[in-house]
Amino acid sequence: ALGQLIDLAFPFSFYEQASFVGRGVPAVTLTAAGERPPKPGTDTLGALAGQRIGQAGGAAEAILGSLDEGVALPGSTATYVWLGPRIIRGWAIKLVLIAALLPFLLAAVDLFARCRRRRIPLAPALRSYRSRLAFWLWAGAVFGALALLGVWGDGAARPPSPDTEFAGDRPLLALGILASLSLAGWFVARERLLPRRPVSAEDELAGQTAALLALGVVALLTVATNPFALIFVLPSLHAWLWLPQVRYRPIWLRATVLAAGLIGPLLLIGSFAWRFGLGANAPWYVVQLVALGYVPLPSIAIGLAWLAAAGQLAAVSAGRYAPYPGARERPPRGPIRELVRRLLLLFLSRSRDRQLKRAVGS
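Computed from a predicted model, the values in this text were never measured in an experiment.

Caption draft 1: Here's a closer look at the side chain of Ser182. Position of Ser182 relative to the elements: it lies in helix α7 (residues 172–190). Not counting residues up to four positions away in its chain, the partners in contact with Ser182 are Phe135, Trp138 and Ala139.

Caption draft 2: Highlighting α7. With 19 residues, α7 should reach 27 Å at 1.5 Å per residue; the first-to-last C-alpha distance of 26 Å fits that figure. Looking only at α7, the buried set comprises Ala174, Leu178, Ser182, Gly185 and Ala189. Down the axis of α7, the smallest arc covering the buried residues is 55 degrees, so these residues share one side. Away from the buried face of α7 by more than 90 degrees, exposed residues Leu172 and Leu173 are located. Against the buried residues of α7 lie α5 (123–148).

Caption draft 3: Quick look at a positive patch on the surface. A contiguous patch of positive charge on the surface is contributed by Arg350, Arg354, Lys357 and Arg358. Mapped onto the elements, Lys357 comes out in helix α14 (residues 335–361).

Caption draft 4: View of the side chain of Arg247. Mapped onto the elements, Arg247 comes out in the loop between α9 (230–240) and α10 (251–260). Although Arg247 lies buried, it forms no salt bridge, and the closest oppositely charged side chain, Glu204, sits 4.6 Å away as judged by the N-O distance. From its side chain, Arg247 meets the backbone oxygen of Ala201 in a polar contact 3.0 Å long.

Caption draft 5: Inspection of empty space enclosed by the protein at higher detail. Summed over all chains, the structure comprises two cavities of 30 Å³ or more. Roughly 30 Å³ of internal volume is contained in the second largest cavity. Looking at the second largest cavity, the residues that line it are Ile6, Asp7, Phe10, Phe12, Leu268, Ser271, Phe272, Arg275 and Phe276. Listing elements by their share of the lining of the second largest cavity, those giving two or more residues are α1 (2–9) and α11 (263–275). Broken down by element, the residue count for the lining of the second largest cavity peaks at four residues, all from α11.

Caption draft 6: Local environment of the pairing of strand β2 (residues 86–89). In the sheet, strand β1 (residues 80–83) pairs with β2 via four bridges, with the strands oriented antiparallel. When the sheet's bridge partners are listed, Val81 is paired in β2 with Ile88. A loop of two residues connects β1 with β2, the two strands running antiparallel in sequence, and Gly84 in this loop sits at a positive phi of about 75 degrees.

Caption draft 7: The arrangement of the pattern of salt bridges in detail. Under the counting rule described, the total for this entry stands at three salt bridges. A salt bridge links Asp7 to Arg275; its shortest N-O distance comes to 2.9 Å. On the criterion of sequence distance, the pair formed by Asp7 in helix α1 and Arg275 in helix α11 is long-range, its members being 268 residues apart. Owing to a relative accessible area of 23%, Arg275 belongs among the partly exposed residues under this scheme. Linking Arg114 and Asp110 is a salt bridge whose minimum nitrogen-to-oxygen distance equals 2.9 Å. Here Arg114 and its partner Asp110 are both found in helix α4 (residues 90–117), four residues apart, which amounts to about one turn of the helix. Taking relative accessible area as the criterion, Asp110 reaches 36% and is therefore assigned partly exposed. If you follow the salt bridges from partner to partner, you end up with Asp7, Glu35 and Arg275 in one network.

Caption draft 8: Local environment of the packing of aromatic side chains. Counted according to the given criterion, the structure contains 14 aromatic pairs. With a centroid separation of 6.1 Å and 85 degrees between ring planes, the pair formed by Phe12 and Tyr285 is classed as edge-to-face. Residue Phe12 is located in the loop between α1 and α2 (17–21), and its partner Tyr285 is located in helix α12 (residues 282–291); the two are separated by 273 residues in the primary sequence. When the ring of Phe135 is compared with that of Trp136, the centres are 5.2 Å apart and the planes differ by 65 degrees; the resulting orientation is edge-to-face. Classification of Phe135 by relative accessible area gives buried; the value is 14%. Ring pairing ties together the aromatic residues Phe10, Phe12, Phe14, Phe272, Phe276, Tyr285 and Tyr294, which thus form one cluster.

Thresholds applied
- Residues numbered from 1 in each chain as written.
- Predicted model: local features only at pLDDT ≥ 70, side-chain atom pairs only at ≥ 80, totals over all residues.
- Heavy atoms only, no water.
- Helix = DSSP H or I, 4+ residues; strand = E, 2+ residues; numbered from the N terminus.
- Contact = heavy atoms within 4.5 Å.
- Expected span 1.5 Å × (residues − 1).
- Buried < 20%, exposed > 50% of the residue type's maximum accessible area, 1.4 Å probe, protein only.
- Arc of directions from axis to C-beta.
- Patch = residues over 30% accessible without salt bridge, like charges linked within 9 Å, V, L, I, M, F, W, Y side chains within 5 Å.
- Areas by Shrake-Rupley, 256 points an atom, 1.4 Å probe, with all protein chains shown as cover.
- Salt bridge = Lys/Arg side-chain N within 4 Å of Asp/Glu carboxyl O.
- Lys, Arg positive; Asp, Glu negative; His and termini not counted.
- Charge placed at Lys NZ, Arg CZ, Asp CG, Glu CD.
- Polar contact = N/O pair within 3.5 Å; in protein donor to acceptor, adjacent residues only side chain to side chain.
- 1 Å grid on protein atoms, 1.4 Å probe; cavity = no way out; pocket = protein on both sides within 12 Å on 5 of 7 lines; lining within 4 Å.
- Points joined across faces, edges and corners; volume = space filled by probe spheres on them.
- Pairing = 2+ DSSP bridges.
- Phe/Tyr/Trp six-rings, centres within 6.5 Å; stacked < 30°, edge-to-face > 60°.

This is the structure in structure tokens:
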């Protein structure tokens, strides 16, 4: 049941029916294999069993007979989860997932109202989240630009075979470029996120409130795109809602609560690792699906917004959070100019050290 629910939240299959079903065309694949097709060269005539072929042929004949007896065929298939003797309709699952979202929304809105009632400023915290979101959008834009250049590999927007070199190939040069440009973007955003004064408990609470409100928006956007995908978001919502309650607890408890919110994405990675037999290549395979355009752009944007909220909550839990500085607290130079200045000073200092070493040596 969990595997079927993950397939509804992230439609994926190695078989041929996936591209049809993804476009609303009813299709099925009859196979004696598991979630992953046999490797090329192993599905030979000598490896086939006559009894299994007869069972597959009988199943295909029964399906065609039932379709012929129908008066009118539906234009698309309905969603459901099959539990042996019974099924659970997709609309019922959506209703349960949306109902599980309501307690978090009520608690987050109530926390926002309490902060407003106690005159805790939230604007600096929202600006801090904006800076983190800008960093993740920058990293996503760099990744997309490299994908357009074809450095991650070319191909149609469909799952590549896991038995090909493309599925396991990692372009180290492109990864280095992505890491370098992302690191430069982080140094630019970091200038506005460094603590410049003692951070009060109210500032930390405002930072957590802003992040939780952003998670609420992420959840609502998930409902608008694919309500089944809430199974990837709900663990973080209900776990991270406890972070304001454990602000003064030991660091290991805060880290445990923060890690509990990562269960949702780990469900997706674990599905690729165990169900589809990808093992340690599962995270990289998901990245390749994003690079090929298999994952819709709105889902990518929602994921980046989720990462920005997770980063802000992690900063508060680690004691590294600071609200966005006001106009008087900002340095005279902007973050980009300050980064260029620091790089230039670093270059000049290294060149001066080299000249001194040469002078001493001579």
